[in-house]
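# Overview (structure and organization)
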Amino acid sequence: MAVAVAEDGHTHMLLTNSTSVTFADLHCGEVYTVHVATLTWNASETADIYSVTAENSDGHRVELSTVNTWAYFSELLCGEEYFLSVEAVDSVCQSAPSTPVSLDSVPCPPTDVYSSIDCLSNIAAVMWMRSAGAEFYTALVSNRDGLSESCMSSSQQCGTPHMDCGENYTVTVIASRESCDSYPSEPKTLLSAPCVPSGVVINLDCATGEAAVSWDASQGALSYAVSALSALGAISTCATTGLGCTLTNLTCGQTYRVQVLALDKSCSSLPSRAAMFSTEPCRPNITAAVLDCYTSSALVDWTYSDASLSYVTTASMAHDHDNVTCQTNDTTLPCAPTAVVIEQDCAANMANVSWQPGAGADRYLVQAFGFWEHEVSCESDSATRACQLPGLLCGFKYSVTVLSINAVCNVSESVPEELDNTPCVPTLVQVHVDCETGAVSVSWEASQGAILYNVVAHGSGGYAMSHYTNATTSEFDTLPCGLNYTITVRAMNKACSSAESAPVQVHTVPCTPEGLTAVMDCNDTGLVSWEQAEGGELYLVLALGADGQVVDPTNVRTSLAQCPSTLVSVAWEHASGASFYTAKALAASGAVADSCNATSATSCQLQHLQCGQTYNVAVVGRDQACDSKESEFAPATTAPCAPVGIVLYMQCDVGTLTVTWSPELDVDSFTATVLSDSGALSFCTTSGDSCSVEDLPCGQRFTVTVVAMRDGCVSEPSSPVEILSAPCPPLNPTGRLDCVTNAAWVSWDNSAGSLSYMVVAESVAGDNSNNCSAVPSDASCSIPHLKCGTEYVIYVEAANDVCQNVNSSSFILETGPCALENITAVTECSTNQILVSWQMEVESPLYLVTAEAPDQSLISCNSSSYFCELEGAACGMLYVIIVSASSDKCSSLRSPPMEVHTAPCVPSGVEVQLSCEADGVVVSWSPSNKASSFLMTATGASGDNRMCDTASTSCTLTQLPCGEQYTVNITASDDYCTSQPSVDVFFQTINYQCDTTSADLSWMASEGGLEYYGYAQTEAGDAQLLCNTTGTSCTMPLKCGSVYNFSVVASDGLCNSLASASLQAGAEDLRVRVRVIDSFQLAMSTWVGVICPGVEYLVEVDGHIQNNSQALMEVSSYSTQRWYFEFPMPCGTIFNLTVTSHNRGGNSTTRPFTGITAPCPPADATFRELLPSAVVSWEWTVFATHYNVYQRAGANRTLLCSTSELFCAVDTLEPGSLEVTASNAWLLVDEGICRVLKSLPQGVLKSLPQWVLKSLPQGVLKSLPQGVLKSLPQGSLPQGVLKSLPQWVLKSLPQGWLLVDEGICRVLKSLPQWVLKSLPQGGVRVQVHGVSLYVEWTPVRNATMYTVVVVEEDQDQGGAQVLTVDTEFSTVSKLKSYTRYCVTLSAKNIVSQSSHSTPVCISTDAPI
């Protein structure tokens, strides 16, 4: 049955008793797959349907149901062996499965096909990966005309000779198994070597000494190379893609041998047939001219000129045009021929010899002398310069020379040339067929002169297979069965190949008959039929089991397939009548541990047995109906199990490692392998459960594995276990005594294998010891508190996780002598002076007091009395004090060390911030060294006193009275002292009466002040309020929703004071932030509401999407009483946001807030693999200043690189797992309105570049807190700013946001320092995109147009590009690559134009 299935499911089925079918009604335009895997069976009584199953050894299972007695399978995997069985099913029951029938599916198509060409021999080599189910392969190499060469092989490669030159071939490989062929592999392209050029023609220009060479086109050539070699070794070459080129720099008087090579991308042809030409004769040099006065003649001599055949001598008169000439071609000894060229005619055993002539030769004699006493010669006249050597013997090596002969001499001989003639034809070719394996062996007699043989088998079915060998035997082991083959052998050397040997005919083994069927008739006879087998002439039919029973299998044998696997191979003798076998392995309990099946074979493999077990194996034979009895049991023992329970014990002092493991039954021996990290191996073997390896080196890490052995079979190794040997002793221990602290500083050289060290100091008397610890990175430590006047033995102990107490060599160190006693030391807390006193010694006229801080800084004083005062001690320090007599040497009398604390440092960095949540203020300060507690004191002008005692660095003051000025200071304390109070910090509260829309203004009385004037000026300057009083407060009515600056002037009736510090109140606080939620951006705006009745708010946003003046957006909120609102925003948008408050009395609008949303995701991200890494690139996106590349893995992502460029390098990854994001973060500075976050940390302000600080308006600088201004580096502020700051400005700073009308400066508190440090100078930013520049800048107030000037660095403005734009960005294109350009800008309107900005210079890249 043949089944054709189309891609649309259309199916055709045909039954046939032949080996071919014809489908006549297929659909047009469809691709059909034809299956002939068909199973048939006899009908079963009462069966309604049949269930058919096909299953391979990997568990792939195909099932189908049918009412017919046949079935076909269309979903079998290629290259698999399937077992097919049928079950009969009726409405109630289901029968047992039939005896399985095996079926081999079609082999899989070969993959990874690769081909190459031998450029010299034009032999194609084809390689491929092994295909499942394949027994042999056929490689087909076809050209465009349909002509093809093929080769067959059972391995993964073969070669096809005789490829035509200059052809483009298609290479495919088919896998075959018995009569089934796979689909062809994916076609690959192979280009053979170019053809040898022909038709070489040379034209010599005698005037220029150049030779023009031309030739005919060579198939497959992309270019040509020409070489000319003279007899003296001079070389001239030229190359071209055309059909001619000119040879220059030729030497005169030389004969050249010219050959042309054809080249393609990977190969060159053999050289063309040599063409000869001679250059012009060289110029003779006159050596003498002798005048014969009597005969009025002259005898002239000259040097020999190469390649000259005759000479003409001319004598000219000096003052006359008459010339006298003479001519001669007289030579005596002819010159030897040169440039001998031999061209073999391999088929005719002849050789054509050519040469360049020797001057003076009349004829030439060519002689070829064989190395085995055979001689051949030929002659030529002087004009021909070539002749043919006939009758060369095969396999001979000849020495060929050419003699120049004239009437006088015949001794001028050319340089000998060697000639290897064609090898002799191989003889006595014999062929032998191995009927069991089907291999065909070929042998022959060695051929004289052969270095290689080519054996070819030509099959009657069109198959051809070729082998190359340097031996005299060859074997074909994959020839298809049942075919006639003609075997020939050809001998080869470097130049020629012989004719083929006499062909020998051989028949491969007949193919196995297929389609075997047997039918019984009523007379106890059977009709057996089968398909005709290729090569079959006689068939033997054998019928066994006449009694209808299956014979029991015998001679069951088991063997372990390969240690340390647990695969057991089972074999047995064929049982008569059996068509199917099952082998079972029984465990000691009698349970079946594993089984395997075989059809025609008498062996199978048990694959699922346990290690270290002995099984009883029996085999049962089956036919279609019956089972035999079980065979006799055969024992099978699997490989030992890998040892477990590995325990290691290191005997550190002697370097002995003991290995133990759990005992295992029925094992002959165990071997432990110890591998050091240096690669050294050690072993120990035992029959017990432990063994030891001795003399292991120190400082090594060892990996230990154990294997078990039984009957020569080695188990899998155990899981590796690691252990360290004892560390090596530390080397070169040295020490010094710290005379101040009486501590020993010890250092040493680290030793291998050590993880920690302990330095031990033991007194010689044994009454005192001390130690210190260190890690290898330190290699030193200090042993404190040694006894004075004591000798110590000091050594270093090395240790690791396994071994301890490996000691270095020791050394002796003696401490200083003991002396002074009754030492006291007291700190003066207010001055940090330390008063030290002691008991005087009569012999000591002078005492030296030394105090050492933890950073090893020293202070000292000396005295001849019993006390001394140490000055200059740092606050918050722990000092170690030593008093020594006479000097500070260790040999002097010294006191024991004494520790003393200085007072804590004065708190600094005091800041006061408004706390709306706490209805008060939060006072914070910097930590103070050694302080354990702080006392914060806030004193009001009216006497209100607040205190806070805390161990932290902040306090909160709540429920403060309105209109009160407070002075704040902090002291720090420890267990001994309290510091001086910190610098006073001032703040003042204000009382604003919301119900009456008035403000109570109060102040401290001014000395000499008799009357006071209070001023309230609106921020816009459009209204001013005044109150005067002799007291220290007054009430002012205010306009709802306005912001006022309050100040007070004192007067004594004649003079007025300066205005007090300006106090601001009622300001709106507009804050906008943009946040991203799942790639969706929201602009959240918040503000401080107006304290007025019936107020509502309206938020309005307008901007440019993608910074495009043509892409406008306008959106507004609804009126709301909330103090916040949120808008969705497009990416890459610059926008202005305002808040308008309104009630029945009018409305008020805030100044616009300018912001930028996050840039849009980069577009056109590409991934290029440049092994061993890859490059990711993308397009620039508006407002992006930074890009991140992530690798995604599910919901997680990992940062791979971060850059400001448009590309970055990453490790080679799947491009689908990459994600590129863009971000922006920058500081906008302009000359207009300025908004500064006062709460920026000092560290951030210190990190700002000086140009940023100097670009800030003075009003901004005056608004900064005093502590911030003091923390700025010297020289970072404009000259005179600090001097111009009055104290009242510093003391009157408001809380929170500060509004100043002198510039715009948006500083985001969350910006990291690296962003602030990278701010572009002057607000101008330039990016490079190939040979284009993208320029963007901060908007300038009142500017309507901008002029962009781009000029090459160090050039004048004559070649500049000038652009005028009305946006805050521009692109300058078509610049030179790899050139540095400088960009300047100026702003203008209809009235004026600004000066140009500071140039920003940058280099372009290569064009994109």
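Residues numbered from 1 in each chain as written. Predicted model: local features only at pLDDT ≥ 70, side-chain atom pairs only at ≥ 80, totals over all residues. Heavy atoms only, no water.

## Considering the overall build of the chain
When its secondary structure is counted, the chain shows six helices and 114 strands. Scored against the burial criterion, the 1408 residues of the chain give a buried share of 40%. Of the contacts formed within the chain by residues at least 6 apart in sequence, a portion of 57% connects residues at least 24 apart. Element-wise, carbon and sulfur atoms account for 51% of the exposed surface of the chain, whose accessible area totals about 74,800 Å². (Helix = DSSP H or I, 4+ residues; strand = E, 2+ residues; numbered from the N terminus. Buried < 20%, exposed > 50% of the residue type's maximum accessible area, 1.4 Å probe, protein only. Contact = heavy atoms within 4.5 Å. Areas by Shrake-Rupley, 256 points an atom, 1.4 Å probe, with all protein chains shown as cover.)

## Quick word on the sheet that holds strand β47 (residues 568–573)
With respect to topology, three strands assemble into an open sheet ordered β46-β47-β50, the strand pairing being antiparallel. The open sheet has two edge strands, β46 (554–560) and β50 (603–606), and neither has a second partner. Between one strand axis and the next, the sheet turns by 20° as a mean value, whatever way the strands run. Alignment of β46 against β47, held across five bridges, turns out to be antiparallel. Its bridge partner being in β47, Thr 554 is matched across the sheet by Glu 573. (Pairing = 2+ DSSP bridges. Axes fitted to C-alpha atoms, helices over the stretch in contact; angles between N-to-C directions.)

## Looking at the sheet that holds strand β18 (residues 201–205)
Here we have three strands laid out as an open sheet, ordered β18-β19-β22, and antiparallel in their pairing. What marks the edges here is a single partner per strand, and that holds for β18 and β22 (244–247). Strand-to-strand twist of the sheet, defined as the mean angle between neighbouring strand axes without regard to direction, takes the value 20°. The pairing of β18 with strand β19 (residues 210–214) spans five bridges and is antiparallel. Counterpart to Asp 205 in the pairing with β19 is Glu 210.

## Remarks on the packing of aromatic side chains
In this structure the tally under the stated criterion is 16 aromatic pairs. Between Trp 128 and Tyr 137, the aromatic rings sit 5.3 Å apart at their centres with planes inclined by 55°, giving tilted as the arrangement. When its relative accessible area of 0% is taken as the criterion, Tyr 137 is described as buried. With a centroid separation of 5.1 Å and 50° between ring planes, the pair formed by Phe 1125 and Phe 1127 is classed as tilted. (Phe/Tyr/Trp six-rings, centres within 6.5 Å; stacked < 30°, edge-to-face > 60°.)

## Details of a nonpolar patch on the surface
A cluster of nonpolar side chains, Val 826, Leu 835, Tyr 866 and Phe 867, forms an exposed patch at the surface whose accessible area comes to about 390 Å². Structurally, the position occupied by Val 826 is in strand β69 (residues 824–828). A residue is classified by how much of its surface remains accessible, and Val 826, at 51% relative accessible area, is exposed. (Patch = residues over 30% accessible without salt bridge, like charges linked within 9 Å, V, L, I, M, F, W, Y side chains within 5 Å. Salt bridge = Lys/Arg side-chain N within 4 Å of Asp/Glu carboxyl O.)

## Overview of the pattern of salt bridges
In the structure shown here, the tally under the stated rule is 13 salt bridges. Here Arg 363 makes a salt bridge to Glu 379, at a shortest N to O gap of 3.5 Å. You can see Arg 363 sitting in strand β31 (residues 363–370) and its partner Glu 379 sitting in strand β32 (residues 375–381), a full 16 residues away along the chain. The exposure class of Glu 379 is exposed, given its relative accessible area of 52%. Put simply, Glu 1352 and Lys 1376 hold a salt bridge, and the shortest N to O gap is 3.0 Å. Separated by 24 residues along the polypeptide, Glu 1352 in strand β110 (residues 1345–1352) and Lys 1376 in the loop between β112 (1369–1372) and β113 (1380–1388) bring together distant segments of the chain. Judged by its relative accessible area of 16%, Glu 1352 is buried.

## Some words on the nonpolar core
Within the largest apolar cluster, 40 residues are counted, with the highest numbers of intra-cluster contacts made by Leu 657, Val 659, Val 746, Trp 748, Val 759, Ile 783 and Ile 794. Setting aside residues no more than four positions away along its own chain, Val 759 makes contact with Val 746, Trp 748, Asn 770, Asn 771, Cys 772, Cys 781, Ile 783, Ile 794, Tyr 795 and Val 796. (Core = buried A, V, L, I, M, F, W, Y, C linked by side-chain atoms within 4.5 Å.)

## Topic: the state of the cysteines
Per the counting criterion, the structure on display carries 25 disulfides. Linked covalently through their sulfurs, Cys 378 and Cys 387 form a disulfide whose S-S length is 2.0 Å. Negative torsions about the S-S bond denote left-handed disulfides, and the value of about 50° found for Cys 378 with Cys 387 makes this one right-handed. Residue Cys 378 shares its accessibility class with Cys 387, and that shared class is buried. Across the disulfide, Cys 1027 is cross-linked to Cys 1034 (sulfur-sulfur distance 1.9 Å). (Disulfide = S-S within 2.5 Å.)

## A look at the confidence of the model for the chain
Per-residue pLDDT for the chain averages 79, and the proportion of residues at 70 or more is 82%. Confidence drops under pLDDT 50 across residues 1061–1071; counting only partners more than four residues distant or on other chains, this segment forms 47 contacts. Note on residues 1254–1260: pLDDT under 50 across the span, and 16 contacts to partners over four residues away in sequence or across chains. (pLDDT = per-residue confidence, 0-100.)

## Regarding the side chain of Ser 230
Looking at the element boundaries, Ser 230 is found in strand β20 (residues 223–230). Looking at Ser 230, the relative accessible area reads 5%, which means it is buried.

## Some remarks on a negative patch on the surface
On the surface, Asp 434, Glu 436, Glu 475 and Asp 477 cluster together into a patch of negative charge. Locating Glu 475 in the fold gives a position in strand β41 (residues 473–476). With a relative accessible area of 44%, Glu 475 lands in the partly exposed category. (Lys, Arg positive; Asp, Glu negative; His and termini not counted. Charge placed at Lys NZ, Arg CZ, Asp CG, Glu CD.)

## Some details on unusual backbone geometry
Phi at Thr 46 takes a positive value of approximately 65°, unusual for a residue other than glycine. Relative to the elements of secondary structure, Thr 46 occurs in the loop between β4 (38–40) and β5 (49–56). Of note in this structure, Asn 732 is not a glycine but carries a positive phi near 50°. Residue classification places Asn 732 among the exposed positions, given a relative accessible area of 51%.

## Structural notes on the pairing of strand β79 (residues 945–950)
Pairing geometry for strand β78 (residues 933–940) and β79, over six bridges, is antiparallel. Considered in β79, the bridge of Met 936 is made with Cys 948. Between β78 and β79, which pair antiparallel one after the other, the connecting turn spans four residues, and Gly 943 there sits at a positive phi close to 100°.

## Looking at the environment of Val 921
Relative to the helices and strands, Val 921 resides in strand β77 (residues 920–924). With relative accessibility at 7%, the residue Val 921 sits in the buried group. Expressed as a C-alpha distance, the spacing of Val 921 and Phe 987, which sit 66 residues apart in the sequence, is 9.5 Å.

## Notes on the side chain of Thr 790
Within the secondary structure, Thr 790 sits in the loop between β65 (780–783) and β66 (791–799). Once residues lying within four places of it in the same chain are set aside, the contact partners of Thr 790 are Ser 763, Leu 813, Glu 814 and Thr 815.

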